[in-house]
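Secondary and tertiary structure notes
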Number of protein chains: 2
Amino acid sequence: MEGRRMRLDNARLADGRHVDVMVEGGRIAAIAPHAGGGGGMDLGGRLLLPALVDGHVHLDKTLMGMPWRPNSGAATVRERIENERRYRRGLAHPVPRRAAALLRRMIANGTTALRTHVDIDDDIGLENFHAVRAVAERFRGEVDIQIVAFPQSGILGRPGVAELLDAALAEGADLVGGLDPASYDGDAKAHLDVVFALAGRHGRGIDIHLHDRDAGGNAQLRDIAARAGAAGMAGLVTVSHAFSLGTPDAADFAATADALAAAGVAILTSSPSAGPVPPVQALRARGVAIYAGSDNIRDLWSPFGNGCMLERALLISLRQGFRADDDIALAYGICSDAGARMLGLPGRAVAVGAPADLLAVAAETLAEAVAERPAGRLVFRAGRLLARDGAYLGNN
Amino acid sequence: MEGRRMRLDNARLADGRHVDVMVEGGRIAAIAPHAGGGGGMDLGGRLLLPALVDGHVHLDKTLMGMPWRPNSGAATVRERIENERRYRRGLAHPVPRRAAALLRRMIANGTTALRTHVDIDDDIGLENFHAVRAVAERFRGEVDIQIVAFPQSGILGRPGVAELLDAALAEGADLVGGLDPASYDGDAKAHLDVVFALAGRHGRGIDIHLHDRDAGGNAQLRDIAARAGAAGMAGLVTVSHAFSLGTPDAADFAATADALAAAGVAILTSSPSAGPVPPVQALRARGVAIYAGSDNIRDLWSPFGNGCMLERALLISLRQGFRADDDIALAYGICSDAGARMLGLPGRAVAVGAPADLLAVAAETLAEAVAERPAGRLVFRAGRLLARDGAYLGNN
């Protein structure tokens, strides 16, 4: 399969060229002007884009595939955590069924790589981790899945969680997570000591949830940057959400962004519509890597989300005030190529040598694709057609 | 046609009832438990909702149906106005063609009533007004269209515009508009003097664009409220956008909201993702009427927008932090019933006596309909099927 040659005919590229694309060994082997000879799959002039990458999901949390469940969450992170601990064991569908339903949908929407955080705590133990790992194994070959061992209920106040994270990493979790070191766990230094020690012991990356705003959040970002720099972990540490970077304090922002850039610490954003968010262009201008993810998708935290990173590119554009085509292309890029690179995968492009993970949509330009989010999509994974017009065609 | 009787069988209501709906004379004549006898149109268990109302569009501005045009706008309202004046006359398609393309799409998405602002200025004169009025006439019977005579380039600095607005009202424009009386036109009192005089002379309503933020914007809102109160125009005056109500100054907010409520001045919001927005629940709690609209839809101001008020309900929910089903229902309500009432139309509901302007979607609950925005939609206007699965079935 991987070695098979195939051709995608009659595609439009984002730069306007009208081409045929040769695929071999799962990669783009050649791109030639459209010849009209046929023989390959006819894309009918659809716009061909690099497939999407979701840098932050919670496969174990989703309620996808279940009957509608009214949101019972509350206003704060702490209350939402308690709400989830109260209800998650009584859900009608088990994790593998819900996670698989979401994966099918994400693939149908054009995503072929993702990073998922998986709750590990004193109540659920490694149960969700094992379930998601098994689902990821089933979907191997269709979507690249990185798993973060995520202490959703904290570390310091939950006896045994540090040991569970250690066990998950020993069993192959790709990264270790963290959660609001100061505001939730109450001791930023002690929390980060544990997280960085686990990463160092297992030689893994780090991805920390940080919801704190303003100076308190930025101080933690600089602490994380200092630790990442000292540990030589450039490119291996992400801070997710990092709302504090949306601070109006320009000097605090600049100092924090410069520290992140110097240490090679990346920022993951879903660019939510409410509250402060990291400013994408200002961070990139200071050399900070930024990529995007869905975050919660129809779960006990949020009733919204649909696993569509093309829609995420629109929401990012709306939130960041992007209107020009180049800016909209940047929004798409952080939902695709930038995410692939941060996940340690080959960069995404419609170019010779790039993986044939591709998305074809009925749109004239990339900006129009983001604005319209056409339902008619062809999704290719290593050259294999994996979804058509919203229908998942894979093996799961 | 209007007097014809028909039946919609096998519908789910938002309260969970499974019903058949009898329509007569364009209105809902009866709602009975689903009998299974057939004879009507089978809705297949779809959720039946009141059709959508778009309280603020710009039919003359849209580029819908044209090839993609990269946005060439700039950062400020003033620059965007200049950008539009520079390019609008050179657009490939004329107003009627673009406006009709958008109307077909809005109807297919579930909208059967709307208010459109139409540019009237020293350059375009009444040209766009006449074009949109003719299009509205063509679509009569399919969608209720209110026209605001809108001085997009201001009044005070543009000789002849006040007279053009007067002429448009004399020719039947439904409302007179206004634009940033202080920051754009430079003299809030003089601008509002003209607008309220025109409204009084013609006995029409008012809908003023106000982009100004913070105390300066709120001072103008209180001035508008005072004038509306003095003129006895409760229910006839809207301020669109009113970003200043998103102020962090709680006292200024409360004083302004109370003034609006006392005078019966309503707020129209698209609840954009960037910048301050009117807080929907806080305004309603103080008695202020609020309804929603799309604002720009793929035009020289914004490349985004698709004329889907179900998507607008999602964007409002995301921006306002709504997660509970009741809050999401409120978001839908300001995109439907609240808009109808502000447009002087009968209230929208799936209830006996209400207009049979209805939207049927494959969703279990109203909240799920907002979260998912299903593409499979049936749109009824006075009981007539006007769109199916995104395809417009009307006469235009």
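Quick caveat: nothing in here was measured; it's all calculated off a predicted structure. (Residues numbered from 1 in each chain as written. Chains lettered and ligands numbered in written order. Predicted model: local features only at pLDDT ≥ 70, side-chain atom pairs only at ≥ 80, totals over all residues. Heavy atoms only, no water.)

**Re the pairing of strand 1 (residues 5-12) of chain A**
Residue and element names in this part refer to chain A. Of the strand pairs in this sheet, strand 1 and strand 2 (residues 18-24) are connected by 6 bridges, and their pairing is antiparallel. Its bridge partner lying in strand 2, Arg 7 is registered against Met 22. Hairpin connection from strand 1 to strand 2: 5 residues lie between these consecutive antiparallel strands, with Gly 16 at a positive phi of about 100°. Strand direction decides the pairing type here: strand 1 and strand 4 (residues 41-42), joined by 2 bridges, are parallel. For Asp 9, the partnering residue across the bridge sits in strand 4 and is Asp 42. (Pairing = 2+ DSSP bridges. Helix = DSSP H or I, 4+ residues; strand = E, 2+ residues; numbered from the N terminus.)

**A closer look at the sheet that holds strand 6 (residues 52-57) of chain A**
Residue and element names in this part refer to chain A. Judged by pairing direction, the sheet is parallel, and its 8 strands sit side by side in the order 6-7-8-9-10-11-12-13 without closing on themselves. Each edge of the open sheet carries a strand with a single partner, namely strand 6 and strand 13 (290-292). Averaged over neighbouring strand pairs, the angle between their axes works out to 25° when direction is ignored. Along the sheet face, helix 2 (residues 95-109) touches strand 6, strand 7 (111-119) and strand 8 (144-150) and points at about 150° away from the line of strand 7. Packing against the sheet, helix 3 (residues 127-138) makes contact with strand 7 and strand 8, and its axis sits at approximately 165° to strand 7. (Axes fitted to C-alpha atoms, helices over the stretch in contact; angles between N-to-C directions. Contact = heavy atoms within 4.5 Å.)

**Some thoughts on the domain arrangement of chain A**
Residues and elements named next belong to chain A. Taken as a whole, chain A is organised into domain 1 (5-50 + 349-390) and domain 2 (52-342). A straight line from the C-alpha centre of domain 1 to that of domain 2 covers 30 Å. Contact with domain 1, which involves 19 residues of that partner, is made by 21 residues of domain 2. Across the domain 1/domain 2 interface, buried area totals approximately 1700 Å², and carbon plus sulfur atoms make up 64% of it. The interface formed by domain 1 and domain 2 contains 3 salt bridges. Put simply, Asp 144 and Arg 381 hold a salt bridge, and the shortest N to O gap is 2.9 Å. The set of elements that each furnish at least two residues to the side of domain 1 that touches domain 2 consists of strand 5 (47-50), helix 12 (366-372), strand 15 (377-381) and strand 16 (384-388). (Domains from an automatic or database assignment. Buried area = accessible area lost by both parts, 1.4 Å probe. Salt bridge = Lys/Arg side-chain N within 4 Å of Asp/Glu carboxyl O.)

**Digging into the packing of aromatic side chains**
Aromatic ring pairs are reported here in terms of the distance separating the ring centres and the angle at which the planes meet. Within this structure, the stated rule accounts for 2 aromatic pairs over all chains. Pairing Phe 139 of chain A with Tyr 392 of chain A gives two aromatic rings, centres 6.3 Å apart and planes at 40°, and the pair type is tilted. One end of the pair, Phe 139 of chain A, is in the loop between helix 3 and strand 8; the other, Tyr 392 of chain A, is in strand 17 (residues 391-392), and 253 residues separate them in sequence. Take Tyr 392 of chain A: its relative accessible area is 17%, and that puts it in the buried class. The ring of Tyr 87 of chain B has Arg 69 of chain B sitting right over it, with the charged end atom 4.7 Å from the ring centre. (Phe/Tyr/Trp six-rings, centres within 6.5 Å; stacked < 30°, edge-to-face > 60°. Buried < 20%, exposed > 50% of the residue type's maximum accessible area, 1.4 Å probe, protein only. Lys NZ or Arg CZ within 6 Å of the ring centre and 35° of its normal.)

**Here's the deal with the interface of chain A and chain B**
On the chain B side, the residues contacting the 33 residues of chain A number 33 residues. Each partner contributes to the roughly 2900 Å² buried at the junction of chain A and chain B, and carbon and sulfur atoms together form 51% of this total. Of all residues in chain A, Trp 68, Phe 304 and Arg 323 of chain A bury the most surface against chain B, accounting for 28% of the area lost on that side. Counting across the chain A and chain B interface gives 8 salt bridges. With its nearest N and O atoms 2.9 Å apart, the salt bridge here joins Arg 373 of chain A to Glu 311 of chain B. The interface formed by chain A and chain B includes 14 residue pairs in polar contact (both at pLDDT 80 or more). Those elements that place two or more of their residues in the side of chain A that touches chain B are helix 9 (309-320), helix 10 (325-334) and helix 12 of chain A. Residues belonging to the side of chain A that touches chain B are distributed by class as follows: 16 nonpolar, 6 polar and 11 charged. (Polar contact = N/O pair within 3.5 Å; in protein donor to acceptor, adjacent residues only side chain to side chain. Nonpolar A, V, L, I, M, F, W, Y, C, P; charged D, E, K, R; others polar.)

**Points about the relation of the copies chain A and chain B**
When chain A is fitted to chain B, the best match, at an RMSD of 0.0 Å, comes from turning it 180° and sliding it 0.0 Å along the axis. Considering both components of the superposition, the chain copies are consistent with a two-fold axis. Considering only C-alpha atoms, the part of chain A nearest the rotation axis is Ser 273 of chain A, at 2.6 Å. Comparing interface residues between copies, 100% of those in chain A also sit at the interface in chain B, which points to an isologous, same-surface contact. (Least-squares fit on C-alpha atoms with pLDDT ≥ 70 in both.)

**Description of the environment of Leu 43 of chain A**
Residues and elements named next belong to chain A. Checked against the element boundaries, Leu 43 lands in the loop between strand 4 and strand 5. Under the relative-accessibility criterion, Leu 43 is labelled buried at 0%. Separated by 335 residues in sequence, Leu 43 and Leu 378 have C-alpha atoms that sit 8.5 Å apart. If we ignore the near neighbours within four places in the chain, the residues touching Leu 43 are Leu 8, Asp 9, Asn 10, Ala 11, Leu 48, Ala 360, Leu 378 and Phe 380.

**Things to note about the sheet that holds strand 10 (residues 205-210) of chain B**
Residues and elements named next belong to chain B. Here we have 8 strands laid out as an open sheet, ordered 6-7-8-9-10-11-12-13, and parallel in their pairing. With partners counted over all chains shown, the strands left at the sheet margins are strand 6 (52-57) and strand 13 (290-292), one partner each. Here the average twist between neighbouring strands, direction ignored, is 25°. Sheet analysis places strand 10 next to strand 11 (residues 237-241), joined by 5 bridges and oriented parallel. If you follow Leu 210 over to strand 11, its bridge partner there is His 241. This element, helix 9 (residues 309-320), spans strand 6, strand 7 (111-119) and strand 13 of the sheet and lies at about 75° to strand 6.

**Focus on the side chain of Arg 88 of chain A**
Residue and element names in this part refer to chain A. With respect to the element layout, Arg 88 can be found in the loop between helix 1 (77-87) and helix 2. In this structure the side chain of Arg 88 is engaged in a polar contact, spanning 2.7 Å, whose partner is the side chain of Asp 121. Among residues more than four places away in sequence, those in contact with Arg 88 are Asp 119, Asp 121, Asp 123, Ile 124 and Leu 300.

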